[in-house]
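# Chain and residue survey
Residues per chain, in single letters:
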Amino acid sequence: MKKILLLCDGENFPSGAIRFIRKMRESGPVYVKGLFFTPIDIQEMMPVSFIPVAGPYVKLKENEKMLVHKSQERFTEAFESRGIKYDIHPHIGEWDRDLFVKESRFADLVIISEELFCINLMEAQPNYFMMEALRASECPVVVVPENFKSIEQIALAYDGGKECMHAIKQFVYLFPDLLELPAEFVHIKKEPGSEIPEKALLREYTFSHFEAQYTFKLHFDPKKYLTSWLGNKKNVFLVSGSFSRSAVSNTFKKSFADCVIADRTCPVFIAHFS
């Protein structure tokens, strides 16, 4: 059995993530824990600072809690109807990074909506809260688009480093049922003629785990063209390395994982090395 931590905020119920978990359940038992929080809409709160009474703030907070309770009801119905074991964390409040870190430490996998996560606060994804969750999580994370249907092939980003190999290994441990699907190990470099690092060792590993695997290199800027390359594939699942740069760094230098998430191209699996 795998323990999954599903993050939800306010009324932004992650239907795509629910379908992803149901697909996982088809291959083996899972236990899902829902962590719900209530991010206040900053635009709604701006005029409150000029009002000398707490009434508007209290009313807004109560409305947020009501929306969370509705999401919790949908969460319960989604898993009870499929016989999936679940629980709901008693916390209902604003985003709590420390609580999330602790809960992720005792989970096998975190799942987040690729487009709805904290969208009331910041519409463009990955927003600040998603980046913080991806960096802080102490277990692998899957970011799932709302239009998720199924998985028919795997694309694994490879650069020869320990971070990407750690992510590949975590994927193997967590999704053994997907290892029979076509898997492409892709080394992407803008420079022509670059060799795939440690190709022989990579092939040894991949032949040990994947039924149908291919290793090749692409010569383009992944931040510009990876999403279109992935978009031409049907129901693909991208496996990426760690997402550990600071929020300030991400503001000025986007990774290819940022671009895939922003375009809602496909589910993305992200795992930290440490």
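Just so we're clear, the structure is a prediction, and the values are computed from it rather than from any experiment. (Residues numbered from 1 in each chain as written. Predicted model: local features only at pLDDT ≥ 70, side-chain atom pairs only at ≥ 80, totals over all residues. Heavy atoms only, no water.)

## Considering the nonpolar core
To keep things clear, this is the line we draw: Throughout this description, the term nonpolar core refers to a set of buried Ala, Val, Leu, Ile, Met, Phe, Trp, Tyr and Cys residues connected via side-chain atoms within 4.5 Å. Only protein chains enter the accessibility calculation, which uses a 1.4 Å probe. A residue is then buried if its area is under 20% of the maximum for its type, exposed if over 50%, and partly exposed in between. A run of DSSP states H or I qualifies as a helix once it reaches four residues; a run of E qualifies as a strand once it reaches two. Both are numbered from the N-terminal end. In what follows, a contact means two residues having at least one pair of non-hydrogen atoms within 4.5 Å.
Residues F20, I111, I154, F171, F175, F237 and F269 are the most contacted members of the largest nonpolar core, which totals 47 residues. Here this core takes seven residues from helix 6 (residues 162-174), the largest share from any one element. For F175, the contacting residues outside a window of four places in its chain are F20, M24, L109, V142, F237 and F269. M130, V143, L218 and I270 belong to the second largest nonpolar core, which has 36 residues in total.

## Details of the sheet that holds strand 9 (residues 236-240)
Our working rule: The pairing criterion for strands is at least two bridges between them, as found by DSSP. Lines fitted to C-alpha atoms define the axes, with helix axes restricted to the stretch in contact, and inter-axis angles between N-to-C directions lie between 0 and 180 degrees.
Read from one edge to the other, the open sheet built from 10 strands follows the order 3-2-1-4-5-10-9-6-7-8, with strand pairing classed as mixed. In this open sheet, the two strands that pair with only one neighbour each are strand 3 (85-93) and strand 8 (212-218). With direction set aside, neighbouring strand axes in the sheet form an average angle of 20°. The pairing of strand 6 (residues 153-157) with strand 7 (residues 182-188) spans four bridges and is classified as parallel. Across the sheet, the residue bridging to L156 is F185, located in strand 7.

## What to know about the pairing of strand 2 (residues 30-37)
Buried residues dominate strand 2, accounting for seven of its eight residues. In this structure, strand 1 (residues 2-9) lies alongside strand 2, joined through eight bridges in parallel fashion. Following the sheet pairing, L5 is matched in strand 2 by K33. Relative to strand 3, strand 2 runs parallel, the two being bridged by six bridges. Bridge pairing in strand 3 links K33 to D87.

## What about empty space enclosed by the protein?
As a reminder, the rule being used: Think of a 1 Å grid over the protein atoms and nothing else: a 1.4 Å probe that fits but is trapped marks a cavity, an open set flanked by protein within 12 Å on at least five of seven lines marks a pocket, and residues with an atom within 4 Å of a point count as lining. Grid points are joined across faces, edges and corners, and a volume is the space filled by probe spheres set on the points. Amino acid classes used here: Ala, Val, Leu, Ile, Met, Phe, Trp, Tyr, Cys and Pro are nonpolar; Asp, Glu, Lys and Arg are charged; the rest, including Gly, are polar.
Overall, the coordinates contain one cavity of 30 Å³ or more when judged by the stated rule. For the largest cavity, the calculated volume is near 40 Å³. Lining the largest cavity, in full, are A155, L156, A157, V186, I188, L226, W229, L230 and L238. When residues of the lining of the largest cavity are traced back to their parent elements, those giving at least two are strand 6, strand 7 and helix 8 (222-231). Class assignment of the residues belonging to the lining of the largest cavity gives a composition of nine nonpolar, no polar and no charged.

## Considering the environment of K199
Tracing the chain through its elements places K199 in helix 7 (residues 199-209). Expressed as a C-alpha distance, the spacing of K199 and G160, which sit 39 residues apart in the sequence, is 8.3 Å.

## Some remarks on the pairing of strand 5 (residues 141-144)
Side chains V141 and V143 of strand 5 all project onto a buried face; the interleaved residues V142 and V144 project onto the opposite face, where all are buried too. Both strand 5 and strand 10 (residues 268-270) contribute to a ladder of three bridges, which runs antiparallel. The partner of V142 across the bridge, within strand 10, is F269.

## Things to note about the pattern of salt bridges
As a reminder of what qualifies: Salt bridge criterion: a side-chain nitrogen from Lys or Arg within 4 Å of a carboxyl oxygen from Asp or Glu.
Evaluation of the coordinates by the stated rule reveals five salt bridges. Between K33 and E103 there is a salt bridge; the shortest N-O distance is 2.9 Å. Of this pair, K33 sits in strand 2 while E103 sits in helix 4 (residues 97-105); the two residues are 70 residues apart in sequence, bridging distant segments of the chain. Side by side, K33 and E103 carry an identical accessibility label, which is buried. When the shortest N-O distance is used, the salt bridge between R105 and E138 registers 2.6 Å. Of the two residues, R105 is situated in helix 4 and E138 in the loop between helix 5 (128-136) and strand 5; the sequence distance between them amounts to 33 residues. Among the residues examined, R105 registers a relative accessible area of 46% and is labelled partly exposed.

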